Amino acid sequence: MPSLRERAADIPILVEYFIARFGKKLGKKFQTIEKKTLKIMQEYEWPGNVRELQNVIERAVTLNDSDTFAVDEAWLKRKPSEVLIRVWFLPVALQAHEKEAIEAALTQSHGRISGATGAAAKLASRFDPRSKNQALGNRQYRFKSQAG
C-alpha cells in the first residue's frame, strides 16, 4: 500500500473517521472541519504515515473545545534545525579531514582512544571519540602497533 503522502485524497476520509472515533471516546461532536486544517494536512509529508495522522487528530480532538475541528498549524511544520543540518550534511572535505585527524591520533596513541595518552587527549576533542571513530568507519585495532 502506498504511503499516506502519496494518497492525499484519502486524508479527508481518514480525518473524518478518526474525528468520529476519538470524539465518541471523549464525548465530543464536531459539526465541521476547518478547511485550512484539511489543506495543511493534505500538504504535509506524513513521515509517520497513518499512525502520525491518527496521533495528531487524537491530540486535536482532546484539546479542541469548539464544534469545528481544527489542528494547530505549528504541529505540522517541520523545519530541521541548523544543528542537525550541519551534523548530517558535513562537506565531504571536512569529513575526510576529521577522519585523517582521528587516524593520526590513533596511530600516535597505538590504537588507544581514552586516557591521558589516548587519541581523545591528543585531539582535545569534545565529541565521543569512540562513536565518532566508528561513524567514520575506522577500526581502532588497525592502529595498534606490534609492541602496543
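If you're wondering where the values come from, they're calculated on a predicted model, not measured in any experiment.

A word on the side chain of T37. In this structure, T37 sits in helix α2 (residues 35-43). In this structure the side chain of T37 is engaged in a polar contact, spanning 3.1 Å, whose partner is the backbone nitrogen of V71. For T37, the contacting residues outside a window of four places in its chain are F69, A70 and V71.

Its location among the elements puts S109 in the loop between α5 (92-108) and α6 (119-123). The exposure class of S109 is buried, given its relative accessible area of 7%. When sequence neighbours within four positions are dropped, the list of residues in contact with S109 reads T117, G118, A119 and K122.

Locating I11 in the fold gives a position in helix α1 (residues 11-26). Its relative accessible area of 0% is what places I11 among the buried residues. Between the C-alpha atom of I11 and that of L53, which follows or precedes it by 42 residues, the distance is 8.7 Å.

Procedures and definitions
Residues numbered from 1 in each chain as written. Predicted model: local features only at pLDDT ≥ 70, side-chain atom pairs only at ≥ 80, totals over all residues. Heavy atoms only, no water. Helix = DSSP H or I, 4+ residues; strand = E, 2+ residues; numbered from the N terminus. Polar contact = N/O pair within 3.5 Å; in protein donor to acceptor, adjacent residues only side chain to side chain. Contact = heavy atoms within 4.5 Å. Buried < 20%, exposed > 50% of the residue type's maximum accessible area, 1.4 Å probe, protein only.

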